[in-house]
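# What the coordinates show
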Amino acid sequence: MELGRASGPFTVDVSADGHLRYTPAITLSGLPQPPSLGRHATYVAWVASPTMDVIQRLGTVRNGRTVLPAISLDKFIVLVTAEESANATDMGGRLMLRGMSPSTRLQPPDFMQFVLGSTREDSGGHEHHEHGGGDSLAWTMVPMPAGISMLPAEMTLRPNAAPYLPRVVNPNSLPVAEPRQLIPLASGDTLRLTAGIVRRPFKGRTLTTFAFNGQYPGPLLQVAQGARITVELTNALDQPTTVHWHGVRLDNPNDGVPDMTQRAVAPGERFTYHLRFPDAGIYWYHPHVREDIQQDLGLYGNIMVRSPRSSYFSPANREEVLMLDDLLMGDDGMVPFGTATTTHALMGRFGNVMLVNGEPRYALAVGRGEVVRYFLTNVSNTRTFNLSFLGARMKVVAGDVGNYEREQWVESIVIGPAERYVVHVRFDTAGDVALVNRVRGLDHLYGRFFSEEDTLGVIRVAGGAASPDLSASFATLRADTAVRASVARYRRYFSRPADKALVLTMEAQGLPFFTRQIMQLDSIFFTPVEWSGTMPGMNWAATGDQVRWILRDAATGKENMDIDWTFRRGEVAKIRLVNERRSFHGMQHPIHIHGQRFLVLAVNDVPNTNLVWKDTVLLPAGATADILLDLSNPGRWMLHCHIAEHLSAHMMMAFTVQ
Ligand SMILES: [Cu+2]
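Residues numbered from 1 in each chain as written. Predicted model: local features only at pLDDT ≥ 70, side-chain atom pairs only at ≥ 80, totals over all residues. Heavy atoms only, no water.

This next bit is on the coordination of the copper ion. Around a metal, the perfect tetrahedron of four donors has angles of 109.5 degrees, and the perfect octahedron of six donors has angles of 90 or 180 degrees. The protein atoms donating to the copper ion are His589 (ND1), Cys641 (SG) and His646 (ND1), with metal-donor distances spanning 1.9 to 2.1 Å. Going along the chain, you hit the donors of the copper ion in the pattern H-x51-C-x4-H. Here the residue His589 occupies a position in strand 38 (residues 589–593), and Cys641 occupies one in strand 44 (residues 635–641), the gap between them amounting to 52 residues. (Donors = N, O, S within 2.8 Å, 3.2 Å for Na, K, Ca; no water. Helix = DSSP H or I, 4+ residues; strand = E, 2+ residues; numbered from the N terminus.)

This is the structure we're talking about:
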C-alpha cells in the first residue's frame, strides 16, 4: 500500500484540524477467488486505529491496483477481509491481509534506555560554556511547551555558544517601537530605511528588539508593478546586516546577499539598493545576515506590488496584510540567541508566542457578509502554520509570485517560512470568528500525537450587512487568463526528464550522547511536517557547529557552497528536490531560490493541476518535488532553506545565470 497524496494547492495535504491526509493506493496480487473461501463474495479494505476503536470502510479491492478514499488518522492499520457482500458495512469476514502505517512504529521507547542515557557522562562537549565577557547574560532553562514531556537529561542540556541578546548601556534612551505604517512609493522615489535597536512593550515587559524605521513589522511598502525605487539603508544595529528583497526579480547587485552581491553593511554604515518590481503580488524584505537573530528580532516588512489590471483580483470589501511570526519567551524574557553560531540547529527556533504583525493578538471588525482579502506572509524562523478561520469560507487566489491559474476553495492555508498566500474569506454570520493555527504535535518521548490549537486573532462580525454585497463574485471561482497564458508557454517543458537533482539531508557531529540516543530511536519514523517544537531541550542545545544541513547535487555529490551550477539566461530547468527520509533527522524544508521564479509541477509524482509562480517551496520530510525554474535573471544567486537555523547551519548553495 502506497500512502499517496491528492493534488492540491499546497505541498502538504492536511485537514483544517491538523490531521495529515493520506490517499492510499493498494496493489494486491495472488488473492484467491473469494468464493473459494466459502460463502464470500468480495474483498473489502478497512482502516482502523491501532486500538481498533475506530474502524472505517475504505471500499472493495481486488487483485491489481485500487485507489482508496483518503485516511486522516495519525496512526492506523489497514485490513483486507473477505466478505459475503460487497456492501458490507461492518468488518465481519475472514481477515486476509493487515498492514500498519509507518507512524505506528513510533512507540514509547524502552524507558530504561532513556534513564541510562540520561545519566551517562556526556562527551559531547556542552560542558564548556563560553560566556559573554563577564556580564550577566547566561543560558537559563528552555521553556517547556504545554502537553509534552522532557527527561531530566534533556532539561540539563545547554548550547555550547555564548548567549546573545541586544543590549545597550541605557535602554531608556532607545525609541519605543510603533506599529507599521503604509508607505506608498512612486517610481523614482527614495526610501530611507534604518535597521535599528528599539524598546518594545510586550506582554507586561519591555523587550529590546530590532526594527526597520522603529516600526513592527517594518514599513509596508506599496509600489506599482514595473516601478523603480531607491532604498538607502542605514545600519544602526550592533552587528553587520544587509537587506534581501524576497521574491523580487531585481538586478543582481541589489539582492542583499553578503559576500556574494555585496559586502555586509557594518554598524554605522550605509548601502544603496536600486529596486525594480517586474511582478505583481505580495513580497517581503529581511536581512540576509544571521536571519535566526535579526529577522526573529523584528527585521521584516512587506512589499505590496500592485498590478495595473484593475480586475487583477476578484472583488473584496477590504484588504488585510498579515505577517505571521512566533517569539520564544522564557521566564526572564526572550530566550537568548547564539553569538557566533546558531542555537536550535536541528528543528529551528520555534517560538511559544504567536504573533500577527508583531502583536500577540490580531483583531478586526467587519460587517456581516464582508469579503476580506488577506495577504499572508510567514516570517517565522521555522514554524509552518495550518491556518483557518473557524466558521468562515475561504478560497486561495494567489501565491508567492502572483495569482493561481484559478481560485480554489480551501479549508486551511498551509504556509511554510517565507511563503506567501493571498486568500479571500467571507464572514457571512454575525459573531466572533477565530483565526486559528491547528496542528498535530508529536510527543517523541511517548510516541503519541496530540492536538495543538492557537488562536492568533478574532474577527468580530457585526450584524449589519456588508456593502457592496459580494456574495455572487465570492461564490464564483475565477480563472486568471493572464497567468494561464504565462504558464502555458512553459507547458512543453513539463514532461521532460529532470535536468538536476538535489538531495536534502543532514550530518551531525559532537552532539550529546543523550541527543544521539533519542534521535536514533526517533529515526524509525519522521512525520512529514514538524509543526511544533516538541524536542525543545535537545533542539535548543544543538548548534550550527554540531549540525550541518546539506543540499547535495545528485550528479556530482558536491554539497552546499561547493555546488556551482551554471545556466544561460532564458533557459528553463527542471529540478528534482528529494528530501531524504532516511537522514539522521528528517524534516521539512522551505527551499527558496533567489532572483528567479518557478512552478511546482508535481509532489511525490502527483502532478499539480492548478499552478502558480513561486519562489519558495515547502518540501515535507520524505517528499520529492519537481520544479520548473525559469532562469530569466542574470547573476550569481542563492538557493537555500528558509528555516533560519538551517541556513545558519550551511544549507545553501549558489548558481549562476549567464
Ligand atoms: Cu531546512
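This part is about the packing of aromatic side chains. Here the distance between the centres and the angle between the planes together describe a pair of aromatic rings. The full count for this structure, using the stated rule, is 17 aromatic pairs. One aromatic cluster in this structure is built from Phe212, Trp245, Phe271, Tyr273 and Tyr285. The residue whose ring lies beneath Arg597 is Trp613, and the NZ or CZ to ring-centre distance is 3.8 Å. (Phe/Tyr/Trp six-rings, centres within 6.5 Å; stacked < 30°, edge-to-face > 60°. Lys NZ or Arg CZ within 6 Å of the ring centre and 35° of its normal.)

The next thing to look at is unusual backbone geometry. Only a minority of non-glycine residues have a phi that is not negative, and only a minority of peptide bonds are not trans. Here Tyr216 and Pro217 are connected by a cis peptide whose omega angle stands at -15°. Relative to the assigned elements, Pro217 resides in the loop between strand 13 (215–216) and strand 14 (220–224). Looking along the chain, the bond that leaves Ser467 and enters Pro468 is cis, with omega of -5°. Among the structural elements, Pro468 can be located in the loop between strand 33 (448–465) and helix 4 (471–475). Of note, Asp605 is a non-glycine position whose phi angle comes to about 65°, a positive value. Examined against the element boundaries, Asp605 turns out to sit in the loop between strand 39 (597–603) and strand 40 (606–607). In this model, His650 sits at a positive phi of 80°, which is unusual for a non-glycine residue. Within the secondary structure, His650 is located in the loop between helix 8 (644–648) and strand 45 (652–657). Taking relative accessible area as the criterion, His650 reaches 35% and is therefore assigned partly exposed. (Buried < 20%, exposed > 50% of the residue type's maximum accessible area, 1.4 Å probe, protein only.)

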